[in-house]
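# Structural overview for review
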Amino acid sequence: MTTGASSARAPLWHVLVLAGIGLLTFFWVFSQLGASLDLSDEGFYLHSAIYRRLYAQNFTLFGFVYGPLGQLVGWDLVAYRRLGVLMSAGLAIWLGCRIGLWLGLGTLRSIMLGLAASAWPFLLFYLWLPTPSYNALALQSLLLIAIGLVPRDAQNPQIALWQGFVIGLGGLLAFMAKPTTALIAGIVVLVFLLVTQPRKLRAIVVPVVVAAIMMIAAAYYVDGGITNFIARLQRGVVHAALLDAGHSVWSLLRLDAFSMRAVEWLVLLISCVLVCALTLATNATPLAFLGLWLILSATFVVAVILGVGYGSVEYTSSAPLVVLGIPLGAAVAAVIANKHNSFWTTMRPVLPLVLALAVLPYALAFGTNNIIWYHSALAGAFWLFAALPLVGWIKSPGAILPAVSIAQILVAGLLSIPMANPYRQLEPLRDQVQVVQVGPAQSPVVASSDVVRYLAGLKKIAASAGLAARDPVIDITGRMPGALFALDATPIGDPWIVGGYPGSAAMARSALAAVSCDILARAWVLSEPTGIRALAMAEVLPPAFGFVEVGTVDSPLGEYSTRFPQILLRPTGNIADRLSACEQWKAEAIVQPAL
C-alpha cells in the first residue's frame, strides 16, 4: 500500500542533495571511529563480547550477538566499531527506503531518502562511545521492529510472513540487548497490530512464534539449553540486585521532568517553525527556492564537518532533545494543511505508525538510571522518522524535503558536540593524535595524550613483571576495565567490577566466588587504593592471598580532576596454598555465588 503523496513530484536533484548530505555526515562519523578510547564503559562493552562465555551471571547478552563480528575482524577495535556503525546505518537506510515506498516516492527517491537518513542513528553516539554496546544493539533491534511495522500489502501472506519475521527478529535482539527494551517494544508492537489489523490474528501470531523459535535457538547458542538459559537469567537478576544501583520496579516506572536550557528551547522552536513554514510553503513557493534552502543546508553541514566553530558548544545531556522540533513542526504543518478536512479522517492511515515511532525511543531508555528524556533522545532517530509520514501525506510537491534537511542540520550539529567533548576525556577528537596499540590484535587507536601516557606506563610495568596475554587479572579500581582490554588480559568475575555503589563489594564477591579456584589463585590484581570508586582487596578476595607490587602508574584525568596511583600486583606464594585458601574461603561462605 502507498499513500500516493505528491512528494514524488519533487525534482530528483533535490532528493540527491539530501542523500549527499546524509552520506557526507555518515562518512564524517565513519572517519572518526579510529579516535578516542574510553576506559570505563567501552571496556565493559568489549569484555562482554570477547569473554562472553566467562560470565554465567551476566544476563545482558549483547556480547553473544557482537562477539562473532569481533572475531571476524580479529578484534581490531576500529574495524569492530565500523561494523557496528555499518549495521546501524544500513538499517536506517532500509527504514527510510521502506517509508519512502509507502509514501509513494518511487524506488529511486525512496533509496535517496534512506541514504539521507543514514546518519540519524548516530545520535546514539552523543556521548561518543562508538564501540558496539547493549544500547547499540537495542537501537538496531528497534530499527528492525520499525521496518516490520511500516505497512505493506496485508493481503499477501508472504509479505505478512516476512514482516512477522523481521519484527520477531527485532524482538529477540531487543531482549538480548536489554530485556526492558524488549518489554516496551513488545507492547508497542501489540498495540500497533491490534489497531491496524484488528481482525488478522496472523499479524500477531507470526512475530510471537518467530521470536519464540529464535529465543529457543538463542538459549542453545548461549547456554546449550533452555534450562541453563533460564538459570542464567535468574542468576543475573539476583546478581544485579546486589549492586543496589536503584533499579527497582518503581524506579522503572518513574517519569522524569522534561528540562532543557533556554538556548536549546530556542533551537527546538526555530526547528519547529522552519519545518512547518517550509513544508506549507512547498505548495506556493517555487521549488527553486526550496533548492536554494537545500544548498544552504548542505553548506552548513559541510561547515560543521570542516570544524567551523568546532568545540564552541558546551556539552549538555539535554541537547539531543532539540530534534523533537522536527516531528512537532511536521505535526503542526499536517494539521494546518488539513484544516478544511477532518484531521483524524485524513491522517488516520499514518497516525499509528507515527505514534509507534514516537514511542520507540522510550523503549531504549526504559530501565536506565539516567534521566528518561535524555536517554530517549539517544534514539531520537525515531522521532525524525516519525516526521516523514506526517509531511509525506501532505499533497504538495517536495513536502517531505524541509523536515529531512533540517533534521540533517541538527544531527550534524549535535554530533560535533561529543566530538569536541568526548566522554570522560579532556581532549577533543581533532587534538587526539597519539597512537596506542590495544586489545587482542594490538590494533592501533588514536587516543588522548593522557590516555596514551597511562597505557604506555601500565603496559611497560606489565611486560617487565611477566604478565602474558590472556593472563587473568582482577580489576578493583572500580572504574577502568578498559585498561585490561588494552593489556589483552582476561578480566575475571565480571566484565566490569564496578565500584562506587552501596553493593559494589557484595557484587564483586559474588562474581569472584563463582570463578574457578584454578583461575582465581593465578589472578593478578589492578588496584587504585585511594580512588573514589576503588574496592578493597580484603572485601572481595580470600584474605590469605598474597600479592607483591610490581609497579605504579598514575591514572589519566577525565572522569575526575585528580590522578590516582594505580598498582599492578602479582600473585605470590605456593599455588597449592593459594588453591587451598580459595577453597576454604568459598566453603566458609564468606560469600556465596548468586543463585
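Heads up: the structure comes first, above all this text.
The notes below deal with the structure included here. (Residues numbered from 1 in each chain as written. Predicted model: local features only at pLDDT ≥ 70, side-chain atom pairs only at ≥ 80, totals over all residues. Heavy atoms only, no water.)

### Points about the packing of aromatic side chains
Scanning the model with the defined rule gives 23 aromatic pairs in all. Summarising the aromatic geometry, the rings of Trp-75 and Tyr-80 are spaced 5.1 Å apart at their centres and angled 65° between planes, so their arrangement reads as edge-to-face. Taking the relative accessible area as the measure of exposure, Trp-75 reaches 8% and is therefore buried. Each member of the aromatic cluster is reached from another via a ring pair, and the members are Phe-26, Phe-27, Phe-30, Phe-122, Phe-125 and Trp-128. Taking the ring centre of Tyr-221 as reference, the NZ or CZ of Arg-53 above it sits at 5.4 Å. (Phe/Tyr/Trp six-rings, centres within 6.5 Å; stacked < 30°, edge-to-face > 60°. Buried < 20%, exposed > 50% of the residue type's maximum accessible area, 1.4 Å probe, protein only. Lys NZ or Arg CZ within 6 Å of the ring centre and 35° of its normal.)

### Notes on the state of the cysteines
Enumeration over the complete set of coordinates arrives at one disulfide. Paired by a disulfide, Cys-517 and Cys-582 hold their sulfur atoms 2.1 Å apart. Looking along the S-S bond of the Cys-517-Cys-582 disulfide, the torsion reads about -80°, which is the left-handed sense. On the criterion of sequence distance, the pair formed by Cys-517 in helix H23 (residues 517–520) and Cys-582 in helix H25 (residues 575–587) is long-range, its members being 65 residues apart. (Disulfide = S-S within 2.5 Å. Helix = DSSP H or I, 4+ residues; strand = E, 2+ residues; numbered from the N terminus.)

### Let's talk about the pairing of strand S7 (residues 565–572)
Sheet topology places strand S5 (residues 524–527) next to S7; three bridges connect them, and they run antiparallel. Bridging across to S7, Ser-527 finds its partner in Ile-567. (Pairing = 2+ DSSP bridges.)

### A look at the sheet that holds strand S6 (residues 546–554)
Pairing in this open sheet of five strands is mixed, and the strands run S4-S3-S5-S7-S6 from one edge to the other. At either end of the open sheet lies a strand with only one pairing partner, and these are strand S4 (490–491) and S6. As paired elements, strand S3 (residues 472–475) and S5 share three bridges and run parallel to each other. Bridge assignment links Ile-474 to a residue of S5, and that residue is Val-525.

### Comments concerning the nonpolar core
If you look at the biggest cluster of nonpolar residues, it comprises 175 residues, and the most contacted ones within it are Trp-120 and Phe-385. Ala-508, Ala-513, Val-525 and Ala-581 belong to the second largest nonpolar core, which has 22 residues in total. (Core = buried A, V, L, I, M, F, W, Y, C linked by side-chain atoms within 4.5 Å.)

### Remarks on the side chain of Asn-58
Relative to the assigned elements, Asn-58 resides in the loop between helix H2 (41–50) and helix H3 (62–72). Here Asn-58 is in contact with Ser-48, Arg-232 and Pro-495, once residues within four sequence places are set aside. (Contact = heavy atoms within 4.5 Å.)

### Quick notes on the pattern of salt bridges
Applying the stated rule across the entire model yields 11 salt bridges. Measuring nitrogen to oxygen at the nearest pair gives 3.0 Å for the salt bridge that ties Arg-424 to Asp-41. Of this pair, Arg-424 sits in the loop between helix H19 (401–420) and strand S1 (434–438) while Asp-41 is found in helix H2, placing the two residues 383 residues apart along the sequence. With a relative accessible area of 23%, Arg-424 lands in the partly exposed category. Overall, Asp-41 belongs to the buried group, its relative accessible area being 15%. In this structure, Arg-533 engages Glu-559 in a salt bridge whose closest nitrogen and oxygen atoms are separated by 3.3 Å. Here Glu-559 lies in the loop between S6 and S7 and Arg-533 lies in the loop between S5 and helix H24 (537–540), a separation of 26 residues in the sequence. (Salt bridge = Lys/Arg side-chain N within 4 Å of Asp/Glu carboxyl O.)

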